[in-house]
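Coordinate analysis (summary)
Residue strings, one per chain:
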Amino acid sequence: MSEEQDIDTGEARARSMRSSLDNYELSESDLQILDDHEGDLPSVTEMDGLPVLAVIGRPNVGKSTLVNRILGRREAVVQDTPGVTRDRVTYQAEWAGREFLVVDTGGWEVDVRGLDRNVADQAEVAIDLSDAVLLVVDATVGITTTDERIVELLRRSGKPVILAANKVDSAMQEADAAYLWGLGMGEPYAISALHGRGTGDLLDRVLAVLPERSARAGQPRDPNIRRVALVGRPNVGKSSLLNALVGHERVVVDSTAGTTRDPVDEIVTLGDRQWQFVDTAGVRRKMHRTTGADFYASIRTQAAIEKAEVALVLFDASEVLTEQDVRVVQQVVDAGRALVIVNNKWDLVDEERQKELKSELERELVQVAWAPRINISAATTWHTNRIVQALDTALAGWETRISTGKLNAFLGQLVAAHPHPLRGGKQPRILFGTQVSSAPPRFVLFTTGFLDPGYRRFIERRLREDFGFAGSPVQISVRVRERRRK
């Protein structure tokens with residue numbers, strides 16, 4: 001069978017699988033994905049420059065409900081339990097013809113530890129990376145100590161703040177919103193995120209304070225210049241590598257860990273092309289354990305990763321791999337950026353240490369075995385010429401896109417040869433699959449039941465074997481759907 005016939009067969013199979021989905025209960029967001037499955041969700045470069053609105057507040061005040069109201073669809077997970085949202089999640093929204101980004105955050109609380117502290121840290125990062133903040137307060141509860149502490153945090157940030165008095169479901173509750181003038185954040189906008197009451201006036205005010213272009217985005221960048229973040233724990237040689245690539249002392253290098261505080265941008269010509277490298281502060285430890293300048297350096301490092309397309313994660317090859325090294329890698333993967341592992345200071349590595357390092361990498365980084373790895377010495381510039389090829393490989397994998405026909409042909413063959421194990425006497429089936437975006441590659445699978453994590457990893461492994469994706473994380477989400485009732 002010719003290649004054209006293979007394509008035609010794959011497309012026919014995809015159409016058949018898509019039509020079978022009409023027998024299942026589908027949400028509005030499902031239909032949007034299916035209608036646009038040959039398109040692409042906004043990539044990092046397309047969203048670059050859109051103004052950013054961070055939605056902040058203590059737990060269970062209705063932040064995610066308000067985000068869904070702004071988006072006009074149920075996207076953020078909502079439950080009548082505090083702490084459902086934990087990470088920062090960014091959505092693209094539109095109001096009155098203007099597009100902007102909305103960042104949903106977990107609840108901010110005072111003096112918390114563990115997971116709750118991590119959630120609060122992410123909310124603080126969202127504030128730092130935003131152009132304006134939407135502070136959501138529960139009008140039926142009134143001003144709490146946590147609300148007052150959040151206001152102090154927002155005042156220090158210097159960002160424009162719009163105050164939303166949520167859960168004002170009727171005119172009789174307007175007086176509850178009036179009490180919130182006491183926060184000193186200006187006029188409280190009485191709204192009901194659940195019913196949509198007052199949200200139009202609130203969004204008009206949001207657009208009035210948001211800039212046309214994000215102040216965090218910087219100048220529009222040439223799409224041909226790829227953006228590379230140099231990340232790693234302190235003193236692994238990030239600044240030395242940037243200086244080696246630039247050809248002169250662009251940034252201060254010292255044996256003292258933590259010399260670099262702010263990200264340093266530099267246009268570098270490598271392989272007859274220009275690249276924008278960003279030298280970042282070393283990631284010392286978990287963010288909730290950092291204070292002062294180190295805390296804000298961590299925030300700026302996170303921002304540099306999110307604005308990059310690919311990250312070079314540097315290790316000190318002469319030292320034992322640490323928990324911090326692994327955490328930096330995970331930070332890049334969580335941000336959905338292409339990844340290259342760089343073992344620096346190779347001039348200090350003897351034969352015995354090479355064997356130890358190989359064992360450490362195989363053991364600690366088994367989850368990112370797909371990332372290209374290179375050994376270099378920034379101090380002597382040994383093998384730094386290999387960086388371009390590794391970057392090209394990672395970016396090519398990051399931007400790989402599979403047609404819907406090929407994807408569903410692949411899924412059909414995979415499931416036929418290796419069906420999902422029985423769960424509770426039933427066998428989940430994959431009804432249809434689509435790649436909703438590239439950079440990073442994101443897939444949505446419509447199924448009749450939950451897919452075990454092990455089976456999802458199996459699908460990802462086989463996707464990589466058949467289609468590549470070298471150097472890129474692959475995100476697979478599953479939507480379980482039930483048959484329509486006759």
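What comes next is a walk through the structure. This is a predicted model, so every value here is computed, not measured. (Residues numbered from 1 in each chain as written. Predicted model: local features only at pLDDT ≥ 70, side-chain atom pairs only at ≥ 80, totals over all residues. Heavy atoms only, no water.)

1. Comments concerning the overall build of the protein
Scanning the protein from terminus to terminus reveals 15 helices and 15 strands. Sorting the 486 residues of the protein into buried and exposed places 51% on the buried side. A separation threshold of at least 6 residues defines the contact pool for the protein, and within that pool the share at least 24 residues apart is 72%. Total accessible area on the protein stands at roughly 23,100 Å², and carbon and sulfur atoms take up 47% of it. (Helix = DSSP H or I, 4+ residues; strand = E, 2+ residues; numbered from the N terminus. Buried < 20%, exposed > 50% of the residue type's maximum accessible area, 1.4 Å probe, protein only. Contact = heavy atoms within 4.5 Å. Areas by Shrake-Rupley, 256 points an atom, 1.4 Å probe, with all protein chains shown as cover.)

2. A short note on the packing of aromatic side chains
What the rule picks out here adds up to three aromatic pairs. Plain terms: the ring middles of phenylalanine 410 and phenylalanine 467 are 5.5 Å apart, the flat faces sit at 75° to each other, and that makes the pair edge-to-face. Residue phenylalanine 410 is located in helix H14 (residues 404-417), and its partner phenylalanine 467 is located in helix H15 (residues 453-467); the two are separated by 57 residues in the primary sequence. Judged by its relative accessible area of 25%, phenylalanine 467 is partly exposed. Ring geometry for tyrosine 455 and phenylalanine 458: centres 5.7 Å apart, planes at 45°, overall tilted. In this pair, tyrosine 455 and phenylalanine 458 both sit in helix H15, three residues apart, roughly one turn of the helix. A relative accessible area of 8% places tyrosine 455 in the buried class. With a relative accessible area of 15%, phenylalanine 458 lands in the buried category. (Phe/Tyr/Trp six-rings, centres within 6.5 Å; stacked < 30°, edge-to-face > 60°.)

3. Details of helix H6 (residues 145-157)
The end-to-end C-alpha distance of H6 is 19 Å, a good match for the 18 Å that 13 residues give at a rise of 1.5 Å each. Those residues of H6 not exposed but buried are Thr146, Asp147, Ile150, Val151, Leu153 and Leu154. End-on view of H6: buried residues confined to an arc of 160°, all on one side of the axis. Exposed residues on H6 whose side chains face more than 90 degrees from its buried face are Thr145 and Arg156. Once H6 ends, the next one or two residues include glycine 158, with phi positive near 75°. (Expected span 1.5 Å × (residues − 1). Arc of directions from axis to C-beta.)

4. Some thoughts on the side chain of arginine 58
Mapping arginine 58 onto the fold places it in the loop between strand S1 (52-56) and helix H4 (63-71). Taking relative accessible area as the criterion, arginine 58 reaches 14% and is therefore assigned buried. Here the side chain of arginine 58 touches threonine 144 through a polar contact of 3.5 Å, side chain to side chain. Apart from residues no more than four positions distant in its own chain, arginine 58 is found in contact with Lys63, Gly107, Trp108, Asp138, Val141, Thr144, Thr146, Asp147 and Ile150. (Polar contact = N/O pair within 3.5 Å; in protein donor to acceptor, adjacent residues only side chain to side chain.)

5. Quick look at the pairing of strand S11 (residues 338-344)
Burial analysis of S11 places seven of its seven residues in the buried class, the great majority of the element. Burial along S11 is two-sided: the residues Ala338, Val340, Val342 and Asn344 and Leu339, Ile341 and Asn343 are all buried. Pairing analysis gives seven bridges linking strand S10 (residues 310-316) to S11, with the strands arranged parallel. Bridge pairing in S11 places valine 310 opposite alanine 338. Pairing analysis gives three bridges linking S11 to strand S12 (residues 373-375), with the strands arranged parallel. (Pairing = 2+ DSSP bridges.)

6. Here we look at the pattern of salt bridges
All told, the structure shown has 16 salt bridges when counted by the stated rule. The partner of glutamate 399 in a salt bridge is arginine 226, and the shortest N-O contact between them spans 2.5 Å. Of this pair, glutamate 399 sits in the loop between helix H13 (387-398) and H14 while arginine 226 sits in strand S7 (residues 226-231), placing them 173 residues apart in sequence. Residue glutamate 399 is classed as partly exposed on the basis of its relative accessible area, which comes to 38%. A relative accessible area of 16% places arginine 226 in the buried class. Note that aspartate 325 and arginine 233 form a salt bridge whose closest N and O atoms lie 2.9 Å from each other. One end of the pair, aspartate 325, is in helix H11 (residues 323-334); the other, arginine 233, is in the loop between S7 and helix H9 (238-246), and 92 residues separate them in sequence. (Salt bridge = Lys/Arg side-chain N within 4 Å of Asp/Glu carboxyl O.)

7. A closer look at unusual backbone geometry
Excluding glycine, residues mostly carry a negative phi; peptide bonds, for their part, are mostly trans. Looking along the chain, the bond that leaves alanine 439 and enters proline 440 is cis, with omega of 0°. Its place among the elements puts proline 440 in the loop between strand S13 (430-437) and strand S14 (442-447). For alanine 96, which is not a glycine, the phi torsion comes out positive at approximately 55°. Within the element layout of this structure, alanine 96 appears in the loop between strand S2 (89-95) and strand S3 (98-104). Residue class for alanine 96 comes out exposed when judged on its relative accessible area of 63%.

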